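Listed below, chain by chain, are the residues.
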Amino acid sequence: MASVDSTGSSVSGRQRSGDLLHAGLAVALLLGVWSVGGLEVSTGKVSFIEAMNGSTVLLPCTYSSCIGIKNLYFNWHYNNNGTMEKLCEAVIHIEGVEPKVSVYHERVEFVGSSKSNNISILLYNITFEDEGDYICFARNPKEKNRNHSAIYTLIVVDQMKEVDTTLTTIIVSVVGGVIGLVIFVMVVKALVVHFLLKDDEKNKECLVSSSGNDNTENGPTGAKADNKGTPKA
């Protein structure tokens, strides 16, 4: 009986190990799907912008979620030396329905659209005091309140930097010169070939003409013999 109990205990232990393994795989799979399809917020490939004092800038932000949204909450904040100032906020109840945005800054305008997953804003008449980090935040209750944020940095300048185009001009000039030289060589080559072919045709015509003249002067073979006088008897 002891041996039987030992065998049964071993089988039961294996079953528990198998169940734990399956449970672990299921959890890992769920976590993988969750991470892939989770809410993400993006301010684009370039996370900063340089703009002139007094101009208007677009602060871009988009959201994405593979499993969709419901009552998506979003807001914009400005990091004013460690103090977070809320610029606007809203809730997108379902996809495709435009939100009613509450704006808390007189120079901010919401220009996004839920139809394109866009929650961007405009900042008018910027000053040097507006320079700094702007945070776009979103939270999706459909994903158990999963949230994500992205930072967009504004740099305010007196005037835009002039880009030195000397190197670009040199490269374009060299490439243009090479292309022009190649075209010139091809044209010269085509003209030379054309004149050579024309000379060959003239030479062939001269040979044919001279051969015809020789045959006319000499006449048919034996013609001179026929024109000889009849010998006297």
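Everything that follows concerns the structure shown earlier in this document.
Keep in mind that this is a model prediction, so the values were computed, not measured. (Residues numbered from 1 in each chain as written. Predicted model: local features only at pLDDT ≥ 70, side-chain atom pairs only at ≥ 80, totals over all residues. Heavy atoms only, no water.)

I'm lost on the pairing of strand S5 (residues 72–80) in this one. Help?
Successive side chains on a regular strand alternate, one facing one side of the sheet and the next facing the other. Counting buried positions along S5 gives 7 out of 9 residues, so the element sits mostly inside the fold. Counted between consecutive antiparallel strands, the loop separating S5 from strand S6 (residues 83–92) contains 2 residues, among which Asn81 sits at a positive phi close to 55°. Pairing analysis gives 7 bridges linking S5 to strand S10 (residues 132–140), with the strands arranged antiparallel. Counted as the bridge partner of Tyr78 is Tyr134 from S10. (Buried < 20%, exposed > 50% of the residue type's maximum accessible area, 1.4 Å probe, protein only. Helix = DSSP H or I, 4+ residues; strand = E, 2+ residues; numbered from the N terminus. Pairing = 2+ DSSP bridges.)

Got a minute to help me understand the side chain of Arg107 in this structure?
Residue placement: Arg107 occurs in the loop between strand S7 (102–103) and strand S8 (108–110). The class of Arg107 is buried, set by a relative accessible area of 19%. At 3.1 Å, the side chain of Arg107 forms a polar contact with the backbone oxygen of Asn125. Within polar-contact distance, the side chain of Arg107 engages the side chain of Asp130 at 2.9 Å. (Polar contact = N/O pair within 3.5 Å; in protein donor to acceptor, adjacent residues only side chain to side chain.)

What exactly am I supposed to notice about the state of the cysteines here?
Tallied over the entire structure, the rule returns 1 disulfide. Each disulfide pairs two cysteine sulfurs, and for Cys61 the partner residue is Cys136, the sulfurs being separated by 2.0 Å. In this structure the cystine formed by Cys61 and Cys136 twists about its S-S bond by roughly -80°; its chirality is therefore left-handed. Highlighted residues: Cys61 in the loop between strand S3 (57–59) and strand S4 (62–64) and Cys136 in strand S10, separated in sequence by 75 residues. The two residues Cys61 and Cys136 agree in class, both being buried. Left without a disulfide partner, Cys88 is nearest to the cysteine sulfur of Cys136, which lies 8.3 Å away. Since its relative accessible area comes to 0%, Cys88 is described here as buried. (Disulfide = S-S within 2.5 Å.)

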